[in-house]
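Structural characterization, general
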Amino acid sequence: MSRALNLLLPCVLAPVLVSLSLSARAWAQSPESLGSLERDELQIDGALQLGDGELPDGNFVDVYEFTGQATQAVTLLLESETADLDFVLTTAQGSLIATGSDISSTNNNVALLSLLPADGRYFVIIRTVDAGTRSSYRLTIAPISASYPNPLLSDTEVAILEANMFYQLGFYSYQLNEYQSAIGSWEEALSRFQSEDVRAVLQDIRQRESSLLSSLGVAYASLGDYERAIDWHEQALNSFRQIDDLKGESAALGSLGSAYAALGNRERAIDLQQQS
């Protein structure tokens, strides 16, 4: 995986990266089944406490299982009034699909929108953010369709989570070496992040845009289209510089150098690599 994408992945997956290498069985507890997601939402009230599964860092963890269908659109909402929680959505084999994120700067409950990639079982893995913290919560999983719109969130909250959904779907596709699919998802995410409704409420919008620009450059380079990769990396470089992100700037310079090297322009490649 490229240096640029290695720098971007923690922005998307932290602070739950440790969860991605483990299946639900790793926490010495069987996932609790919530049933099949059809028209009606699935909901459960739970608590993270002593006796639950525990990660090596001391965070408590609960694991739930539900069954869904390929291309099914779903909303997951995790509500808690007592502590900061986060969660990930994975396949039954432990492959990451998406991570939850705070709904907005004024709503610290955690949610995500996602398209399920296949028929089968899925795990929702909930954990405390601070080691040893106990907390009650409510988890709701709801289907979305044209005849059954999102029942849990406002239109603006949905717009933000839709942008995040495509953002994370891009990484899911990239990990499967489906680079064209990743490009489509990231271009859709970029368009949605640039909408007025989303820009008005997201404080880190410039960081997300910069990361997306860089991700698109990485994907085009993976396809061997180095000229288009250069175009995206140059946009990313300018964007990272505007927000004084030195790590992002360094990664963009390195990626540009690699692209120019692939095109045979060694002098330009060396200059860019030295700048990085």
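Reference entry: report on the structure contained in this document. (Residues numbered from 1 in each chain as written. Predicted model: local features only at pLDDT ≥ 70, side-chain atom pairs only at ≥ 80, totals over all residues. Heavy atoms only, no water.)

This part is about helix α3 (residues 179-193). End to end, α3 covers 21 Å across 15 residues, agreeing with the expected 21 Å (1.5 Å per residue, within 8%). For α3, the full list of buried residues reads Y179, A182, I183, S185, W186, A189, L190 and F193. The buried residues of α3 all sit within an arc of 170° when viewed along its axis, so they share a single face. (Helix = DSSP H or I, 4+ residues; strand = E, 2+ residues; numbered from the N terminus. Expected span 1.5 Å × (residues − 1). Buried < 20%, exposed > 50% of the residue type's maximum accessible area, 1.4 Å probe, protein only. Arc of directions from axis to C-beta.)

This paragraph deals with the pattern of salt bridges. Enumeration according to the criterion identifies eight salt bridges in this entry. For R121, the salt bridge goes to E65, with nearest N and O atoms at 3.3 Å. Pair noted here: R121 is in strand β10 (residues 120-128) and E65 is in strand β4 (residues 60-68), with a separation of 56 residues, a long-range link. A relative accessible area of 13% places E65 in the buried class. The residue R241 makes a salt bridge to E249 at a minimum N-O spacing of 3.1 Å. Judged by relative accessible area, which is 37%, R241 ranks as partly exposed. When its relative accessible area of 19% is taken as the criterion, E249 is described as buried. One network of salt bridges, in which partners are shared, links E162, E188 and R192. (Salt bridge = Lys/Arg side-chain N within 4 Å of Asp/Glu carboxyl O.)

Right, let's get into the packing of α3 against helix α5 (residues 205-222). Between α3 and α5, the shortest axis-to-axis distance is 9 Å and the interhelical angle comes to 160°. When the interaxial angle is binned, α3 and α5 end up roughly antiparallel. Judged by the sense of rotation from one axis to the other, the crossing of α3 with α5 is left-handed. Facing α3, whose interface residues are Y179, I183, W186, E187, A189, L190 and F193, α5 presents I205, R208, E209, L212, L213, S215, L216, A219, Y220 and S222. Tallied by class, residues from the contact of α3 with α5 come to 12 nonpolar, two polar and three charged. (Axes fitted to C-alpha atoms, helices over the stretch in contact; angles between N-to-C directions. Parallel < 35°, antiparallel > 145°, perpendicular 65-115°, else oblique. Left-handed = near helix turned anticlockwise from the far one by under 90°. Contact = heavy atoms within 4.5 Å. Nonpolar A, V, L, I, M, F, W, Y, C, P; charged D, E, K, R; others polar.)

As a further point, take the side chain of T128. For T128, the position within the fold is in strand β10. At 3.2 Å, the side chain of T128 and the backbone nitrogen of F60 are in polar contact. Ignoring any residue separated from it by four or fewer positions in sequence, one finds T128 in contact with L48, N59, F60, D84, L85 and T133. (Polar contact = N/O pair within 3.5 Å; in protein donor to acceptor, adjacent residues only side chain to side chain.)

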